[in-house]
Amino acid sequence: MKSRDKHCTIVDADSIREQLASADDEERIKALHALCPCQNDRELFEMFSSALKALTKDKNPKVKAVALHIFEDAMLHQNDGYLQAMGKQEQETLTYQRP
């Protein structure tokens with residue numbers, strides 16, 4: 001994986017797909033970390049959402065915990081965007097002056 005900037009990483013979708021299906025717990029965890037919305041954009045998370053959902057029921061508690069964390073981060077990032085939009089709208093409302 002090549003680092004694109006501080007928060008995003010360029011990933012190979014085929015490699016991630018293979019790692020998510022790996023019998024090796026550490027490989028699955030490594031792939032999960034690459035899909036976290038705090039590390040990459042939401043599109044990557046959405047591309048693998050079915051596999052992520054299945055891993056929330058993984059037999060390994062560490063894999064399961066990371067998968068659940070990723071869904072938690074996805075919700076937090078989605079809510080952050082919503083809250084930022086609401087804050088901007090509120091600020092515009094407060095600074096609006098009648099003509």
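The structure this text deals with has already been given above.
Trainee: Please clarify how the overall build of the protein chain should be interpreted in this entry.
Mentor: Helix and strand counts for the protein chain come out as 5 helices and 2 strands. In sequence order, the secondary structure elements of the protein chain are arranged as β-β-α-α-α-α-α. Out of the 99 residues in the protein chain, the part that is buried amounts to 28%. For the protein chain, long-range pairs separated by at least 24 residues make up 52% of all intrachain contacts whose partners lie at least 6 apart in sequence.

Trainee: How should I be thinking about the pattern of salt bridges in this particular structure?
Mentor: Pairing between side chains of opposite charge can happen when the charged atoms of each approach one another. Applying the stated criterion across every chain, the model contains 3 salt bridges. With a shortest N-O distance of 3.0 Å, R17 and D14 are connected by a salt bridge. Of the two residues, R17 and D14 both sit in helix α1 (residues 13-20), 3 residues apart, roughly one turn of that helix. Judged by its relative accessible area of 47%, D14 falls in the partly exposed class. Its salt-bridge partner being R28, residue D25 comes within 2.4 Å of it at the nearest N-O pair. Of the two residues, D25 and R28 are both situated in helix α2 (residues 25-35); the distance of 3 residues between them amounts to about one turn of the helix. For D25, a relative accessible area of 25% gives the class partly exposed. Linked by salt bridges that have partners in common, D25, R28 and D58 make up one network.

Trainee: Explain α1 here, please?
Mentor: Along an α-helix, residues three or four positions apart point the same way, because every turn accommodates 3.6 residues. Among all positions of α1, only I16, Q19 and L20 are buried. Angular distribution of buried residues about the axis of α1 spans 100 degrees; they occupy a single face of the element. Those residues of α1 that are buried lie in contact with α2 and α4 (49-55).

Trainee: For this particular structure, what's the right way to read the nonpolar core?
Mentor: Looking at soluble globular proteins, one finds that nonpolar side chains tend to be buried together. Residues I16, L20, L32, L35 and I70 are the most contacted members of the largest nonpolar core, which totals 18 residues. Only α1, α2, α3 (42-47), α4 and α5 (61-95) provide two or more residues apiece to this core. Once you skip the residues sitting within four places of it in the chain, L20 turns out to touch R28, A31, L32, L35, F48, A51 and L55.

Trainee: Just checking my understanding: could you explain the side chain of R28 for this structure?
Mentor: Residue R28 is classed as buried on the basis of its relative accessible area, which comes to 4%. Of note is the side chain of R28, whose polar atom sits 2.4 Å from the side chain of D25. Contacts of R28, omitting those with residues within four sequence positions, involve Q19, L20, S22, A23, L55, D58, N60 and V63.

What counts, and at which threshold
Residues numbered from 1 in each chain as written. Predicted model: local features only at pLDDT ≥ 70, side-chain atom pairs only at ≥ 80, totals over all residues. Heavy atoms only, no water. Helix = DSSP H or I, 4+ residues; strand = E, 2+ residues; numbered from the N terminus. Buried < 20%, exposed > 50% of the residue type's maximum accessible area, 1.4 Å probe, protein only. Contact = heavy atoms within 4.5 Å. Salt bridge = Lys/Arg side-chain N within 4 Å of Asp/Glu carboxyl O. Arc of directions from axis to C-beta. Core = buried A, V, L, I, M, F, W, Y, C linked by side-chain atoms within 4.5 Å. Polar contact = N/O pair within 3.5 Å; in protein donor to acceptor, adjacent residues only side chain to side chain.

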